[in-house]
Amino acid sequence: MKLVYKFAALGHGDIPGAIEHLLERRTLRFASPSSQNDINEAVPEAGALLKESMWSTAVKWYPRRAIINPAWSSLSLEQFVQVLFGDGEQGTAGRVGALRVAWQVSRRKFSRFGILSLTESPDNLVLWAHYAGGASGLCIGFDESSAVFQHSRHADAGLEGIHKVRYSITRATFGADPNEKHLGEIVLTKSIDWQYERELRCIRELAEGEEYIFPSFEVKDVVEIILGPNMPIDLIQRCIDIQERKFPNATLLLALPDPDHYKMIFFECPRGTYLESTLRDFVRDIRPLSL
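Quantities reported herein were computed from a predicted structural model and do not represent experimental measurements. (Residues numbered from 1 in each chain as written. Predicted model: local features only at pLDDT ≥ 70, side-chain atom pairs only at ≥ 80, totals over all residues. Heavy atoms only, no water.)

> Got a minute to help me understand the overall build of the protein in this structure?
Broken down by element type, the protein carries nine helices and 14 strands. For the protein, with 291 residues in total, the buried portion stands at 44%. Within the protein, contacts between residues separated by at least 24 positions form 75% of all contacts whose residues are at least 6 apart in sequence. By element, 53% of the accessible surface of the protein is carried by carbon and sulfur atoms, the whole surface being about 16200 Å². (Helix = DSSP H or I, 4+ residues; strand = E, 2+ residues; numbered from the N terminus. Buried < 20%, exposed > 50% of the residue type's maximum accessible area, 1.4 Å probe, protein only. Contact = heavy atoms within 4.5 Å. Areas by Shrake-Rupley, 256 points an atom, 1.4 Å probe, with all protein chains shown as cover.)

> Looking at this structure, I do not really get the packing of aromatic side chains. What am I missing?
Each aromatic ring pair is summarised here by two numbers: the centre-to-centre distance and the angle between the ring planes. For the structure on display, the rule yields five aromatic pairs. Each ring, one from Phe-142 and one from Phe-149, has its centre 5.6 Å from the other, and the planes form 90°; the classification is edge-to-face. Of the two residues examined, Phe-142 and Phe-149, each falls in the buried class. Relative to Phe-217, the ring of Phe-142 lies with its centre 5.0 Å away and its plane at 85°, an arrangement referred to as edge-to-face. Of this pair, Phe-142 sits in strand E4 (residues 138-143) while Phe-217 is found in the loop between strand E11 (212-213) and strand E12 (222-227), placing the two residues 75 residues apart along the sequence. Both residues of the pair, Phe-142 and Phe-217, belong to the buried class. Connected via pairs of aromatic rings, a cluster forms that spans Phe-142, Phe-149 and Phe-217. The ring of Trp-194 has Lys-190 lying over it, and the distance from NZ or CZ to the ring centre is 4.3 Å. Arg-204 extends its terminal NZ or CZ atom over the ring of Phe-30, reaching a point 5.2 Å from the ring centre. (Phe/Tyr/Trp six-rings, centres within 6.5 Å; stacked < 30°, edge-to-face > 60°. Lys NZ or Arg CZ within 6 Å of the ring centre and 35° of its normal.)

> How should the nonpolar core be read in this particular structure?
If you look at soluble globular proteins, the nonpolar side chains tend to sit buried side by side. Formed by 35 residues in total, the largest nonpolar core has its most connected members in Leu-28, Leu-138, Phe-149 and Leu-227. Per-element accounting of this core gives the leading share, five residues, to helix H8 (residues 233-246). (Core = buried A, V, L, I, M, F, W, Y, C linked by side-chain atoms within 4.5 Å.)

> Looking at this model, I keep getting lost on helix H4 (residues 88-108). Mind explaining?
For H4, with 21 residues, the first-to-last C-alpha span of 30 Å sits near the 30 Å given by 1.5 Å per residue. Buried residues of H4: Gly-91, Gly-94, Gly-97, Ala-98, Ala-102, Ser-106 and Arg-107, and no others. (Expected span 1.5 Å × (residues − 1).)

> I keep staring at the environment of Asp-241 and nothing clicks. Help me out?
Examined against the element boundaries, Asp-241 turns out to sit in helix H8. For Asp-241, a relative accessible area of 34% corresponds to the partly exposed category.

> Please clarify how unusual backbone geometry should be interpreted in this entry.
The phi torsion at Arg-26 lies on the positive side, around 55°, for a residue other than glycine. Within the secondary structure, Arg-26 is located in the loop between helix H1 (18-24) and strand E2 (30-31).

> Is there a simple way to explain the pairing of E4 in this structure?
Of all six residues that make up E4, six are buried, and the element is covered over most of its length. The two faces of E4 match: Leu-138, Ile-140 and Phe-142 on one face and Cys-139, Gly-141 and Asp-143 on the other face are all buried. Across six bridges, the pairing between strand E1 (residues 3-8) and E4 is antiparallel. Bridging across to E4, Val-4 finds its partner in Phe-142. When E4 meets E12, the two strands line up antiparallel, connected through five bridges. Each residue of the ladder has a partner; that of Cys-139, found in E12, is Ile-226. (Pairing = 2+ DSSP bridges.)

Structure follows, in structure tokens:
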């Protein structure tokens with residue numbers, strides 16, 4: 001059995017956290033690109049779109065300039081910008097306005113994509129820091145063959161099941177073919193800066209105006225529940241109770257930093273009388289190291 005992992009942080013305010021929506025409700029969150037933490041999410045190579053938006057901006061802002069020969073498609077982007085807006089503050093304002101329009105239009109094209117982010121790496125320190133609330137949250141290991149993943153699909157993009165994210169130094173492009181042919185490629189391409197995540201994705205279609213959907217999964221889909229080393233003891237006890245009641249066949253683990261390598265290592269979570277004695281503060285009376 002191959003596992004895929006989902007990191008989640010504890011909630012705050014009215015936002016349900018890992019324990020509530022993953023363990024209590026047994027749901028996974030598929031979120032729109034605009035809800036992701038990467039502002040470049042699902043933004044393709046947009047040179048042609050940028051030219052179009054600049055032309056529209058020019059027509060609105062500078063109607064006299066808009067009468068120039070519209071054979072601008074043969075110009076490079078920089079040449080086009082120079083011809084259309086010139087230099088100085090006017091040129092800068094035109095560039096900024098058009099760039100924002102192109103970025104927003106690109107993202108709007110993907111507003112109905114619900115993305116579930118998974119990973120192959122349960123021991124990655126950065127994932128614990130970024131997605132498990134500074135290692136106070138948890139990570140759940142799912143059977144990759146679970147129906148909640150395999151039945152995830154987006155017909156327009158031709159996506160179904162779990163897909164690996166491709167990391168690149170250049171953006172994916174719509175190309176000359178119909179947009180639909182490239183939708184899947186664009187939503188599965190991210191900057192090489194994110195390659196440490198080794199991300200896997202499932203995609204579902206969102207309804208108009210939806211930011212999130214929360215499909216449910218089965219009890220048998222959960223194979224491991226890994227608790228972060230910064231999780232408070234009372235919440236660890238709560239997770240123990242949930243695991244015993246709802247996920248009796250899942251292994252409950254506690255993550256701790258490896259003393260020799262930069263990664264997490266996992267141990268079976270202490271229970272009962274061992275919980276307090278194992279996790280209490282043994283080092284409160286140790287003096288700080290003098291340098």
